[in-house]
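Letter by letter, the chains look like this.
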Amino acid sequence: LRAWRLAELLDAGMPLPAALSLSHHHLSFDEQIAVELGCETGTLGPALRKATTRRYDLDQMLQAMLAKFYYLFFVTFVIAAIVTFLMLKIVPVFAVMFEEFGLELPAATQLIVVFADWFSRAWYVNVPLTLATFFVLAIATLLYIGWLPPDIPILGRFWRRADGAAVMRTLAAAVRQQRPLVGTIAMLSQLYPKSGIRSRLRRALADIDRGTDWCESLRRAGLIKAADAAVLGAAQRVGNLPWALDEMADSSLRRLTYRLCAALNLLFPAALLAIGFCVMMIVVGLFLPLIELIQGLA
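Notes on the structure follow.

1. Considerations on the layout of surface pockets
One number sums up the size of the largest pocket: a volume of about 1300 Å³. Of all the secondary structure elements, the ones that give two or more residues to the lining of the largest pocket are helix H5 (56-100), helix H6 (107-121), helix H7 (123-145) and helix H13 (241-297). Of the residues assigned to the lining of the largest pocket, the class counts are 24 nonpolar, six polar and no charged.

In structure tokens:
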């Protein structure tokens, strides 16, 4: 139905960006950029082809991170449910048995009981923590099924490399068409889908108007790194700027993917170790009373 509505709007002569919006097609930021700037620069076909492939690795990494998050969440949820059952049904029986035989619960068991009692009374801690956890779970679910773009404001700063890559790809297309770089940056400052990036582009444009080189202006605006600016400046001097812009855009996305992969490989085992340590403490705290009871009766 949305495709049918889109075809009707296009047949009526409406521009593609407006037709996509009115037909309720939810596009990612890359796809929005491809449509807006592709129509503006006359490179709609190549822009759309790149938009469907250039962030594949990044999206795959995001899916892997969300899958790991789901795993940790459900493991923690099951552990919390089991501990709640033990605190309500098993530990009180231990306490009564030890009291009848004149014995004292082990220190590890007492520590678990004290912590569980404190956590049950500290509503000002567990209620906000529970709400925050389920809020993050809802955001992760929307990201995983694709109903929410990964460039949401909460995570926007982590995707700035992707935004810089999109800017460099657009500048590469402009250079190939012999369009002025300053005019392309001005166009980006008006059409880019993210307001934060538009403000950075306007800041870069103001620096260019004051006489600063465009590479340095983009670096000061936080859209490219110093190494990218050095490579682009050298490429401009030798005449292969379009190739360098495309290569630096790909390199930015690769570096972002590698860093996310490294963070995932470090944090996920650390989280598993933390959960394993908690499980060990709970098991020890519930197993020691049996040993103490057997020894006391003997």
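2. Considering the packing of aromatic side chains
Here the structure, examined in full by the defined rule, presents eight aromatic pairs. Judged by centre distance (6.1 Å) and plane angle (35°), the ring pair of Phe-115 and Trp-118 falls under tilted. Of this pair, Phe-115 and Trp-118 both sit in helix H6, three residues apart, which is roughly one turn of the helix. Through a chain of ring-to-ring contacts, three or more aromatic side chains come together here, namely Phe-69, Tyr-70, Phe-73, Phe-74, Phe-77 and Phe-134.

3. With respect to a nonpolar patch on the surface
Taken together, Phe-115, Trp-118, Phe-119, Trp-123, Tyr-124, Val-125, Val-127, Leu-129 and Leu-131 make up a surface patch of nonpolar side chains, about 950 Å² in accessible area. Listing elements by their share of the nonpolar patch, those giving two or more residues are H6 and H7. The dominant element in the nonpolar patch, judged by the number of residues it contributes, is H7, at six residues. Since its relative accessible area comes to 52%, Phe-115 is described here as exposed.

4. Remarks on helix H12 (residues 226-238)
The end-to-end C-alpha distance of H12, which contains 13 residues, comes to 19 Å, matching closely the 18 Å that a straight helix rising 1.5 Å per residue would cover. By the burial criterion, the buried members of H12 are Asp-228, Ala-229, Leu-232, Gly-233 and Ala-235. Looking straight down H12, one finds that the buried residues subtend no more than 165° of arc, so they occupy a single side. Those residues of H12 that are exposed and angled more than 90 degrees off the buried face are Ala-227, Arg-237 and Val-238. Looking at the packing, one finds that the buried side of H12 touches helix H8 (160-176), helix H11 (214-220) and H13. The positive-phi residue at the C-terminal boundary of H12 is Gly-239, with phi of around 90°.

5. Observations regarding the pattern of salt bridges
Pairing between side chains of opposite charge can happen when their charged atoms approach one another. The final tally for this structure, using the stated rule, is ten salt bridges. Taking the shortest distance from any N to any O, the salt bridge between Arg-254 and Glu-247 comes out at 3.6 Å. Arg-254 sits in the partly exposed class, given a relative accessible area of 37%. On the basis of relative accessibility, which here comes to 29%, the residue Glu-247 falls in the partly exposed class.

6. A word on the nonpolar core
Formed by 34 residues in total, the largest nonpolar core has its most connected members in Leu-171, Tyr-192, Leu-201, Trp-214, Leu-218, Leu-232 and Leu-245. Broken down by secondary-structure element, the contributors of at least two residues to this core are helix H3 (29-41), H8, helix H9 (181-191), helix H10 (195-209), H11, H12 and H13. The element that contributes the greatest number of residues to this core is H8, accounting for seven residues. If you look at the next biggest cluster of nonpolar residues, it comprises twelve residues, including Met-61, Leu-143, Leu-256 and Phe-268.

Conventions and cut-offs
- Residues numbered from 1 in each chain as written.
- Predicted model: local features only at pLDDT ≥ 70, side-chain atom pairs only at ≥ 80, totals over all residues.
- Heavy atoms only, no water.
- 1 Å grid on protein atoms, 1.4 Å probe; cavity = no way out; pocket = protein on both sides within 12 Å on 5 of 7 lines; lining within 4 Å.
- Points joined across faces, edges and corners; volume = space filled by probe spheres on them.
- Helix = DSSP H or I, 4+ residues; strand = E, 2+ residues; numbered from the N terminus.
- Nonpolar A, V, L, I, M, F, W, Y, C, P; charged D, E, K, R; others polar.
- Phe/Tyr/Trp six-rings, centres within 6.5 Å; stacked < 30°, edge-to-face > 60°.
- Patch = residues over 30% accessible without salt bridge, like charges linked within 9 Å, V, L, I, M, F, W, Y side chains within 5 Å.
- Areas by Shrake-Rupley, 256 points an atom, 1.4 Å probe, with all protein chains shown as cover.
- Salt bridge = Lys/Arg side-chain N within 4 Å of Asp/Glu carboxyl O.
- Buried < 20%, exposed > 50% of the residue type's maximum accessible area, 1.4 Å probe, protein only.
- Expected span 1.5 Å × (residues − 1).
- Arc of directions from axis to C-beta.
- Contact = heavy atoms within 4.5 Å.
- Core = buried A, V, L, I, M, F, W, Y, C linked by side-chain atoms within 4.5 Å.

Interpretation in functional terms is not warranted from these geometric data alone.
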